[in-house]
Protein chains: 2
Amino acid sequence: MRKENSTNTLNKQQIDRDCGMSYTLNAIGGRWKPAILFRLTRGKMRYSELRDSIANVTERMLVLQLRELEKDGLIKRIVYAEVPPRVEYELTDKGNSLRPILRSLSDWGIKNRI
Amino acid sequence: MRKENSTNTLNKQQIDRDCGMSYTLNAIGGRWKPAILFRLTRGKMRYSELRDSIANVTERMLVLQLRELEKDGLIKRIVYAEVPPRVEYELTDKGNSLRPILRSLSDWGIKNRI
DNA sequence: CGGCATCCAGTAGGATACTG
DNA sequence: CAGTATCCTACTGGATGCCG
């Protein structure tokens, strides 16, 4: 840990920028979060639909990432009191506001990977 | 590992999307990469300037993340044959093309963190 | 059906000291 | 000035099995 730059007048704005980006990347940056979010932009989905549409994900990881997305307020978990049980996930307004960002991340990646 | 969904006609596009997002998030998603990239959007910077403007980063982590950004073709490392040595970093064209994405990530984060 | 519990491996990231 | 080298921790993600 070194001394911080106290003379750079742009520092506070930069820190805001850093924090903003960190917050966003933390919200969407999990191993399976982009896949989940992108599928939900097409509409409500059941747990089993998500599980079957995302290749190679384990149930443990799927649930963990769903819980984080829920905690961060990006998705809503809807439990139907039925037998057999049914659970659906859908984007919240906050989650929906990510749409353009998800698209641009995807577009940039498709264009720039070799 | 479970069976994959072979009936979903959207699957190939989804996989492209997933890969695109993963590629982008991998490129910019390191602990210090956003901070580095954002500073370089303001122009060329020396190693010591980066180090001093990013609070709490260790030299080891700074160098590691710079090397990855360089390997991914987002930044260029310019060594001047002087004594004392001088090294500057600047965005490549590929790095510059990230500007709008970095901005939207930052803006979304600033708006949505509590 | 939609999970949770347990255990485990790999790696991202960090502290500290040293160098061409 | 601009890095390496070494060692270490913690967290992410994975395999497997059980449950309401």
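Numbering of residues starts from 1 in every chain and runs along the sequence as written. Chains and ligands are labelled by the order in which they are written, letters from A for the one and numbers from 1 for the other. Local features in this predicted model are restricted to residues whose pLDDT is 70 or higher, and side-chain atom pairs enter the listing and the counts only when it is 80 or higher, whereas totals over whole chains, interfaces and linings include all residues. Hydrogens and water are ignored here; the side-chain numbers use all heavy atoms of the structure.

A. The relation of the copies chain A and chain B, seen in detail. Alignment of copies: least-squares fit on C-alpha atoms of residues with pLDDT of at least 70 in both copies. Screw-axis analysis of chain A against chain B gives a translation of 0.0 Å along the axis, an RMSD of 0.0 Å, and a rotation angle of 180 degrees. Such a combination of rotation and displacement between the chain copies is what one expects of a two-fold axis. Of the residues that chain A buries at the interface, 100% are likewise interface residues in chain B, meaning the two copies contact each other through the same surface. Throughout, a residue-residue contact means that at least one pair of heavy atoms, one from each residue, lies within 4.5 Å.

B. Region of interest: the protein's contact with DNA strand D. In the region of DNA strand D, 20 residues are neighbours, and A:Arg60, B:Ser48, B:Glu59, B:Arg77 and B:Tyr89 sit closest. To be near a molecule or strand, a residue needs just one of its heavy atoms within 4 Å of it. Sugar and phosphate atoms represent 62% of those atoms of DNA strand D found within 4 Å of the protein. Side-chain atoms alone can form a polar contact between residues adjacent in sequence; in general such a contact is a pair of N or O atoms within 3.5 Å, and within protein one must be able to donate a hydrogen while the other accepts it. Between DNA strand D and B:Glu59 there is a distance of 2.5 Å, counted from a base nitrogen to a side-chain nitrogen or oxygen. One nitrogen or oxygen atom from the main chain of B:Val87 is found 3.2 Å from a phosphate oxygen belonging to DNA strand D. By residue number, the principal contributor to the surface near DNA strand D is helix α4 (residues 59-71) of chain B, which donates four residues. Class assignment of the residues belonging to the surface near DNA strand D gives a composition of nine nonpolar, three polar and eight charged. By definition, any uninterrupted DSSP run of H or I lasting at least four residues is a helix, any uninterrupted run of E lasting at least two residues is a strand, and each is numbered from the N terminus. Under the grouping applied here, Gly and all other residues not named as nonpolar or charged are polar, the nonpolar ones being Ala, Val, Leu, Ile, Met, Phe, Trp, Tyr, Cys and Pro and the charged ones Asp, Glu, Lys and Arg.

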